[in-house]
Amino acid sequence: MSIAEFKNFFSLIKFCVTSRTYSPLDGDRRISVCFALVAIHLILFNCAIVAQLVETFNDNEVQVMNKLYMMIVFEGTSALLLKNFGSIPFIKEFKDLLEWIQKIHTELEGNEIVQCILNEEIDKAMKYSKMFIWIYSILYIVSPLSAGLLFCFKRIYIILLPGLDPNIYHNTYWITQAITSVTTGTWTSISNASVIVIGIYLVFYVRVLNRIVQCISHDQDKLNYCPDLLVRALKKHLEIIRIFNIFNETLKFMSIIQLSMSTMIFLTILSAIQIYRDDYVMYLIFVTVQVELFLFCLFGEIIRSETENIFNNLYQTNWYDLTQKDRKTILFMMMISYNSLGLKAARMYDVSLSAFVQILKLAVSYSALMLTIIN
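Residues numbered from 1 in each chain as written. Predicted model: local features only at pLDDT ≥ 70, side-chain atom pairs only at ≥ 80, totals over all residues. Heavy atoms only, no water.

**Digging into the overall build of the protein chain**
- Counting its secondary structure elements, the protein chain contains twelve helices and two strands.
- Shown N-terminal to C-terminal, the secondary structure of the protein chain runs as helices and strands in the order α-α-α-α-α-α-α-α-α-α-α-β-β-α.
- For the protein chain, the spread of C-alpha atoms along the principal axes amounts to about 80 × 50 × 30 Å.
- Counting all 375 residues of the protein chain, 52% fall into the buried class.
- Pairs at least 24 apart in sequence give 81% of the contacts found in the protein chain among residues at least 6 apart.
- On the protein chain, roughly 18,400 Å² of surface is accessible, and the fraction owed to carbon and sulfur atoms is 63%.
- For the protein chain, the separation between the mean place of its 31 positive charges and that of its 31 negative charges on side chains is 3 Å. (Helix = DSSP H or I, 4+ residues; strand = E, 2+ residues; numbered from the N terminus. Buried < 20%, exposed > 50% of the residue type's maximum accessible area, 1.4 Å probe, protein only. Contact = heavy atoms within 4.5 Å. Areas by Shrake-Rupley, 256 points an atom, 1.4 Å probe, with all protein chains shown as cover. Lys, Arg positive; Asp, Glu negative; His and termini not counted. Charge placed at Lys NZ, Arg CZ, Asp CG, Glu CD.)

Next comes the structure, spelled out in structure tokens:
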């Protein structure tokens, strides 16, 4: 990994964080002003959706599918705005996390074994982060673009612009809906990437600690070769706890918004799919939203699993062959790793794959109940 390559990648991460917090990390306020203007545009767009919903709510000539599309777009843009506004109070925490990523890329460890493990794991972190950003961005551009084109071809108006009759200014409506849909999807992928990339780095940093402990367990001669190896493992462990607490603080509001809004969106989409089974764009939107929530819950599950491995790896070391000082160090590390770390929504609800399954089950149950009542 070259220095220039990391600088380009780090600039991309800072851009993603700016898109979420509206804070200029490089002192250039033009980017943050642009995202603030986009946020104002989405607020006005949501007002136009509400106006159209109110206008067509009791109009039997307007298909139920059109009203469901209005609700889905409104819920999606609202979720994006709420998550970004909820991240504004945590600008300092995001800056601390970015400084930590820059630090592990640039600072030398002073220990050959630790440096080798760290280089391998952070290279993997950057590789998977880039891969995720590309896949995630493509998915979140294709899905809204398909929805925007669908609105044009099927003459679906999800907004009501004051003073503009959709039958006369239909091109204005279609262009506004298509551009806003793509903008919302692109911004969602960029802002979510800021959190996911930090999460990826945290996972691979935990793996650095696990590999150091495994080195001690499998080859005790390395302790003789590097007497400070266990002390460095302890420092890494304390650093993980510190960074994890900062990361959890930044997600305090965003995570509960993500879980609650995803439940509402799932409920609306599943209701639409059960009514109109041949609408393939709705399936694409469902997959996109599902991937977003699944990745969020998956990272919570992976982080919990990796931190549990810390205790297990420490337990499997040949501690009885170590010195009294090293035994105390391992005992201390086992004590602080006994309770695994995990993401929590609003510091109350665990973010894990079980939470993802529960949300899906809840959405399916309520959508079936709603359809039964309607029928």
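**Things to note about helix H8 (residues 229–250)**
- Look at H8: 32 Å from first C-alpha to last across 22 residues, which is about the 32 Å you get at 1.5 Å a residue.
- Most of H8 sits inside the fold, with 16 of its 22 residues counted as buried. (Expected span 1.5 Å × (residues − 1).)

**Re the pattern of salt bridges**
- Enumeration over the complete set of coordinates arrives at eight salt bridges.
- The partner of Lys130 in a salt bridge is Glu5, with the nearest N and O atoms 2.9 Å apart. Remark: Glu5 occurs in helix H1 (residues 3–21) and Lys130 occurs in helix H5 (residues 112–153); sequence separation between them is 125 residues.
- Under the relative-accessibility criterion, Lys130 is labelled partly exposed at 27%. (Salt bridge = Lys/Arg side-chain N within 4 Å of Asp/Glu carboxyl O.)

**Here we look at the packing of aromatic side chains**
- Counted under the stated rule, the structure contains 16 aromatic pairs.
- Members of the aromatic cluster, joined through ring pairs, are Phe15, Tyr22, Phe35, Phe85 and Trp187.
- Directly above the aromatic system of Phe204 lies the positively charged group of Arg207, at a separation of 5.0 Å from the ring centroid.
- One cation-aromatic arrangement involves Lys252 over Phe253; the distance from NZ or CZ to the ring centre is 5.5 Å. (Phe/Tyr/Trp six-rings, centres within 6.5 Å; stacked < 30°, edge-to-face > 60°. Lys NZ or Arg CZ within 6 Å of the ring centre and 35° of its normal.)

**Structural notes on empty space enclosed by the protein**
- Applying the stated criterion across every chain, the model contains four cavities of 30 Å³ or more.
- As a volume, the largest cavity reaches approximately 440 Å³.
- For the largest cavity, the lining is made up of 28 residues, of which Ile72, Gly76, Tyr140, Thr184 and Val289 are closest to its centre.
- Elements with a contribution of two residues or more to the lining of the largest cavity: helix H3 (64–87), H5, helix H6 (170–218), helix H9 (252–275) and helix H10 (280–315).
- When residues in the lining of the largest cavity are grouped by element, the largest group, eight residues, is from H3.
- Per-class residue counts for the lining of the largest cavity are 15 nonpolar, eleven polar and two charged.
- Empty space within the second largest cavity amounts to approximately 90 Å³.
- If you trace the second largest cavity, you find it lined by Phe132, Tyr136, Asn192, Val195, Ile196, Met254, Gln258, Glu292, Leu295 and Phe296.
- Going through the elements one at a time, H5, H6, H9 and H10 are the ones with two or more residues in the lining of the second largest cavity. (1 Å grid on protein atoms, 1.4 Å probe; cavity = no way out; pocket = protein on both sides within 12 Å on 5 of 7 lines; lining within 4 Å. Points joined across faces, edges and corners; volume = space filled by probe spheres on them. Nonpolar A, V, L, I, M, F, W, Y, C, P; charged D, E, K, R; others polar.)

**Thoughts on the side chain of Thr77**
- Here Thr77 shows up in helix H3.
- Assessed through its relative accessible area of 2%, Thr77 is described here as buried.
- Separated by 3.1 Å, the side chain of Thr77 and the backbone oxygen of Phe74 make a polar contact.
- Not counting residues within four places of it along the chain, the set of residues in contact with Thr77 comprises Leu42, Asn46 and Thr184. (Polar contact = N/O pair within 3.5 Å; in protein donor to acceptor, adjacent residues only side chain to side chain.)

**Some details on the layout of surface pockets**
- Approximately 310 Å³ is the volume found for the second largest pocket.
- Tyr128, Met131, Phe132, Ile135, Ile200, Val203, Phe204, Arg207, Leu295, Leu298, Phe299 and Ile302 are the residues that line the second largest pocket.
- Those elements that place two or more of their residues in the lining of the second largest pocket are H5, H6 and H10.
- Among the residues forming the lining of the second largest pocket, the class breakdown is eleven nonpolar, no polar and one charged.

Just distances and angles here, no functional claims.
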